[in-house]
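If you want the building blocks of each chain, they are given just below.
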Amino acid sequence: MSTLVTDTGFSSDDWQEPFITLDAANDASALDVPSDTDPAAIPLCGGLQMIRVDFPSSADGRGFTIAKQLRLRGFTGRLRAKGHVLADQYAMARRAGFDEVEISDELAARQPEDQWQFRANWQDNNYQARLRGTGAPVASRG
């Protein structure tokens, strides 16, 4: 089984459609994408509602690049990271464009909901956006 993580915490998966692999992606509503996929090779057909990107290891950051590129290409559907994403990486996943993270129940037991919720304010703590002048203001130390 698995646990879904969003900004509101842990939940069960509400997605009912099957995930299709890239080699059979014609008119799929949901795709499963391996971490070594070229983001430009992912077909963004009209009925596509969900893309799930695999994270085989917490040290493998290619999924973040895939998410960012899909958003830059105009994908507006649900984007899910699946696999070995750690609570410490949640804010980065959200900034890259993921809407949610799917983790194993074992990882959810090792990193409980409060550890993920601690990072749910990912928009308030975006130092890169602050450097660009587009993030939330830093409180003065008056």
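Scope of this entry: the structure provided in the associated data block. It should be emphasised that the depicted structure is a prediction, and the values quoted were computed from it without experimental measurement.

1. Observations regarding the pattern of salt bridges
By the definition in use, this model includes 11 salt bridges. Of the charged contacts in the structure, one is a salt bridge between Asp 7 and Arg 94, with a shortest N-O distance of 2.9 Å. Residue Asp 7 is located in the loop between β1 (2-6) and β2 (9-11), and its partner Arg 94 is located in helix α2 (residues 90-96); the two are separated by 87 residues in the primary sequence. By relative accessible area, which is 29% here, Asp 7 ends up partly exposed. In this structure, Asp 60 engages Arg 62 in a salt bridge whose closest nitrogen and oxygen atoms are separated by 2.7 Å. Overlapping salt bridges, with partners in common, bring together Asp 13, Asp 14, Asp 32, Arg 52, Arg 78, Arg 80, Glu 100 and Glu 102 in one network.

2. A short note on the nonpolar core
Counting residues in each nonpolar core, the largest one holds 27 residues, and the members touching the most others are Ile 51, Val 53, Leu 79, Phe 98, Val 101 and Trp 116. Every element with two or more residues in this core is listed here: β4 (30-33), β5 (50-55), α1 (62-72), β6 (78-83), α2, β7 (100-104) and α3 (105-110). Per-element tally for this core: the top contributor is α1, with 4 residues. Apart from the residues within four sequence positions on either side, Val 101 is in contact with Thr 3, Leu 4, Val 5, Ala 81, Val 85, Tyr 90, Ala 93 and Trp 116.

The rules we used
Every chain is numbered independently, its residues counted from 1 as its sequence is written. The predicted origin of the model limits local features to residues at a pLDDT of at least 70 and limits the giving and counting of side-chain atom pairs to 80 or more, whereas totals for whole chains, interfaces and linings rest on all residues. As a convention, hydrogens and water are excluded, and side-chain values are obtained from all of the structure's heavy atoms. Any Lys or Arg side-chain nitrogen located within 4 Å of an Asp or Glu carboxyl oxygen qualifies as a salt bridge. Helix and strand assignments come from DSSP, with helices taken as H or I runs of at least 4 residues and strands as E runs of at least 2, each series counted from the N terminus. A simple rule labels every residue: compare its accessible area, found with a 1.4 Å probe on the protein chains alone, to the largest value its type can have, and call it buried under 20%, exposed over 50%, or partly exposed in between. To qualify as a nonpolar core, a set must consist of buried Ala, Val, Leu, Ile, Met, Phe, Trp, Tyr and Cys residues joined through side-chain atoms within 4.5 Å. Throughout, a residue-residue contact means that at least one pair of heavy atoms, one from each residue, lies within 4.5 Å.

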